[in-house]
Amino acid sequence: MRNDERDKLIDLIVSADISLFGTDKPFAEVYADYLIANNIIVPPCKIGETLYLIQVDYRGNYSLNSCEVSSKITMFSILRAYEEKTILFMSTDKKKAEKKIKELEEKSRNGK
């Protein structure tokens, strides 16, 4: 992690509103919600891993694709597509991805 990313994360942690943590929810849950609300994410894989993606086109057709996550830019592009709902599922486990696409196709055929 570069120093500027680390410094931004430290600033975010230090600036957390202490009143957030006075709830009945466990500390870890409240803090996780705070980080997510501030656009901090945990990527679905590490740089260098293969990621299996289920995508849907404008006609509702599903496809299983894979890509090697070679940089932070690749990761950003994947996460952006996931937010835009053109990627429905991602995993580093090919078998899970194959199972999920079968489930999606079955639901599609049955009109669910």
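Residues numbered from 1 in each chain as written. Predicted model: local features only at pLDDT ≥ 70, side-chain atom pairs only at ≥ 80, totals over all residues. Heavy atoms only, no water.

### Remarks on the overall build of the chain
Then step 1. Tallying secondary structure elements over the chain gives 4 helices and 3 strands in all.
Then step 2. Moving toward the C terminus, one meets the helices and strands of the chain in the order α-α-β-β-α-β-α.
Then step 3. Against the globule reference of 13 Å for 112 residues, the chain gives a C-alpha radius of gyration of 18 Å, more extended than a compact globule.
Then step 4. Here the C-alpha coordinates of the chain stretch approximately 50 × 35 × 25 Å along the principal axes. (Helix = DSSP H or I, 4+ residues; strand = E, 2+ residues; numbered from the N terminus. Rg over C-alpha atoms; globule rule 2.2 N^0.38 Å.)

### Describing the pairing of strand β3 (residues 87–91)
Then step 1. The element β3 is extensively covered by neighbouring structure, given that 4 of its 5 residues are classed as buried.
Then step 2. The sheet contact formed by strand β1 (residues 50–56) and β3 spans 4 bridges and is antiparallel. Counterpart to L53 in the pairing with β3 is M90. (Buried < 20%, exposed > 50% of the residue type's maximum accessible area, 1.4 Å probe, protein only. Pairing = 2+ DSSP bridges.)

### What to know about the sheet that holds β1
Then step 1. Judged by pairing direction, the sheet is antiparallel, and its 3 strands sit side by side in the order β2-β1-β3 without closing on themselves. Lying at the two open borders of the sheet, with one neighbouring strand each, are β2 (62–68) and β3. Within this sheet the neighbouring strands show an average axis-to-axis angle of 25 degrees, counted without direction.
Then step 2. Direction of pairing for β1 relative to β2: antiparallel, over a ladder of 7 bridges. Bridge pairing links T50 to E68 in β2.
Then step 3. Against the sheet, helix α3 (residues 72–83) contacts β1, β2 and β3, and its axis sits at roughly 135 degrees relative to β3.
Then step 4. Docked against the sheet, helix α4 (residues 94–109) engages β1, β2 and β3, running at close to 160 degrees with respect to β2. (Axes fitted to C-alpha atoms, helices over the stretch in contact; angles between N-to-C directions. Contact = heavy atoms within 4.5 Å.)

### Things to note about the environment of D57
Then step 1. Along the chain, D57 falls in the loop between β1 and β2.
Then step 2. D57 gets classed as partly exposed once you look at its relative accessible area, which sits at 34%.
Then step 3. Polar contacts involving the side chain of D57 include one to the main-chain amide nitrogen of R59, which spans 2.9 Å. (Polar contact = N/O pair within 3.5 Å; in protein donor to acceptor, adjacent residues only side chain to side chain.)

### Regarding the confidence of the model for the chain
A low pLDDT score tells you not to read the predicted coordinates there in detail.
Then step 1. For the chain, per-residue confidence averages 82 on the pLDDT scale, and 92% of positions sit at 70 or higher.
Then step 2. Ranking the helices and strands of the chain by mean pLDDT puts α4 first, with 92, and α3 last, with 76. (pLDDT = per-residue confidence, 0-100.)

### What to know about helix α2 (residues 27–37)
Then step 1. Within the sequence span of α2, burial applies to V30, Y31, Y34 and L35. Summarising the axial view, the buried residues of α2 lie within an arc of 135 degrees, below the 170-degree limit, and thus occupy one face. Seen from the buried face of α2, the exposed residues on the opposite side, beyond 90 degrees, are A28, I36 and A37.
Then step 2. On its buried face, α2 is in contact with α1 (3–14). (Arc of directions from axis to C-beta.)

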